[in-house]
Amino acid sequence: MRATDDTYRHKGLRRKLVETVRSKGITDENVLTALENIPRHFFLDSAFDEVAYEDKAFPIEAHQTISQPYTVAYQTQLLEIKKNDKVLEIGTGSAYQAAVLAELGAKVFTIERQKKLFDANKNFLWIKKYHNIKFFYGDGYEGLPTYAPFDKVIITAAAPIVPLKLIQQMKVGGMMVIPFGSGDVQVMKRLIKQADGSVKEEVYDRFSFVPMLQGKKD
Ligand code: SAH
């Protein structure tokens, strides 16, 4: 069961979480405000109510995770979201990252390969307040050619390769933030698409994500 009540206690814990994330080096005030506005405990089973505002990843259905708030803020800050940016997210999971992007005014197109998680978001009433999030059940390696090109792409699972189709679906000048690598630890990269279709690569810190897998799962 999900919690649906956002109490003063939750709001207080959220303010503390924002300060923790800030102290770890996140400087984009819009990103920090988005974190402050979103009741993260709504995205978890009520069993996690006590810990929902710790800066940690937690398990969700289908052996997947809701990312750590710091990681969500880090990837979002790198994306430099502008209002009305078209953003493709790979790995909807709990939809927390999608909500952060939606708070920033992006038009979010998010894909999940696990049917169970896709269905869970269909029944998540609170998330429907974001008319700027569209949910898709599919394989993120394929992207969404019908809705391309995108200003930004964010991958929220560990990618063993740079998915070529996703680069093709980006605008020139567009950016992809991708946790790259197949081992236990990945390196965050930002890829900026050049006019000739190649990408300029920037390398950031190390993180640990669940793997980006091929194909859909029933
Ligand atoms: N953005 C999520 C993080 C979820 S963890 C959040 O905020 O909670 C990563 C998610 O990526 C998992 O739900 C996993 O099922 C999904 N995933 C892995 N490979 C995928 C693929 N090829 N296409 C779409 N989703 C994928």
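Keep in mind it's a predicted model, so treat the numbers as computed, not measured.

Caption draft 1: The arrangement of the site of the ligand in detail. Close to the ligand lie 27 residues; G91, S94, E112, G140 and L213 are nearest. A distance of 2.6 Å separates an oxygen atom of the ligand from a polar atom in the side chain of S94. L213 places a polar main-chain atom, nitrogen or oxygen, 2.6 Å from a nitrogen atom of the ligand. Alone, the ligand offers 580 Å² of accessible surface; in the complex the protein occludes 99% of this. Applying the majority rule of atoms within 2 Å of the grid points places the ligand in the largest pocket. Listing elements by their share of the shell around the ligand, those giving two or more residues are β2 (65-66), β3 (86-90), α4 (96-103) and β4 (107-112).

Caption draft 2: Focus on the environment of Y70. Tracing the chain through its elements places Y70 in helix α3 (residues 69-79). When its relative accessible area of 15% is taken as the criterion, Y70 is described as buried. If sequence neighbours within four positions are ignored, Y70 has contacts with V21, K24, I26, D55 and F207.

Caption draft 3: Here's a closer look at the packing of helix α1 (residues 8-23) against helix α2 (residues 29-37). Two elements in contact, α1 and α2, have axes whose closest approach is 9 Å; the angle formed by their N-to-C orientations is 150 degrees. In this view, α1 runs roughly antiparallel relative to α2, as classed from their interaxial angle. In this structure, α1 crosses over α2, and the sense of that crossing is right-handed. Judged by residue contacts, R14, R15, V18, V21 and R22 of α1 engage E29, L32, L35, E36 and N37 from α2. Counted by class, the contact of α1 with α2 contains four nonpolar, one polar and five charged residues.

Caption draft 4: Geometry of the UniProt feature "active site" (unreviewed entry) in the protein. The UniProt record marks S67 with the feature "active site" (unreviewed entry), using the residue numbering of this structure. Relative to the helices and strands, S67 resides in the loop between β2 and α3. When near neighbours in sequence (up to four residues on either side) are disregarded, S67 contacts R40, K56, A57, V72 and F209.

Caption draft 5: Up close: the packing of aromatic side chains. A full pass over the atoms with the stated rule returns 16 aromatic pairs. By way of ring pairs, the aromatic residues F42, F43, Y96, F124, W126 and Y130 are connected into one cluster. Above the ring of F150, the side-chain terminus of K86 is found at 5.5 Å from the ring centroid. Of note, K115 hangs over the ring of Y137, and the distance from its end group to the ring centre comes to 5.8 Å.

Here is what the cut-offs are and how they apply
Residues numbered from 1 in each chain as written. Predicted model: local features only at pLDDT ≥ 70, side-chain atom pairs only at ≥ 80, totals over all residues. Heavy atoms only, no water. Near = heavy atom within 4 Å. Polar contact = N/O pair within 3.5 Å; in protein donor to acceptor, adjacent residues only side chain to side chain. Areas by Shrake-Rupley, 256 points an atom, 1.4 Å probe, with all protein chains shown as cover. 1 Å grid on protein atoms, 1.4 Å probe; cavity = no way out; pocket = protein on both sides within 12 Å on 5 of 7 lines; lining within 4 Å. Sits in = over half its atoms within 2 Å of the grid points. Helix = DSSP H or I, 4+ residues; strand = E, 2+ residues; numbered from the N terminus. Buried < 20%, exposed > 50% of the residue type's maximum accessible area, 1.4 Å probe, protein only. Contact = heavy atoms within 4.5 Å. Axes fitted to C-alpha atoms, helices over the stretch in contact; angles between N-to-C directions. Parallel < 35°, antiparallel > 145°, perpendicular 65-115°, else oblique. Left-handed = near helix turned anticlockwise from the far one by under 90°. Nonpolar A, V, L, I, M, F, W, Y, C, P; charged D, E, K, R; others polar. UniProt positions renumbered as here; feature names shortened; annotations may be inferred. Phe/Tyr/Trp six-rings, centres within 6.5 Å; stacked < 30°, edge-to-face > 60°. Lys NZ or Arg CZ within 6 Å of the ring centre and 35° of its normal.

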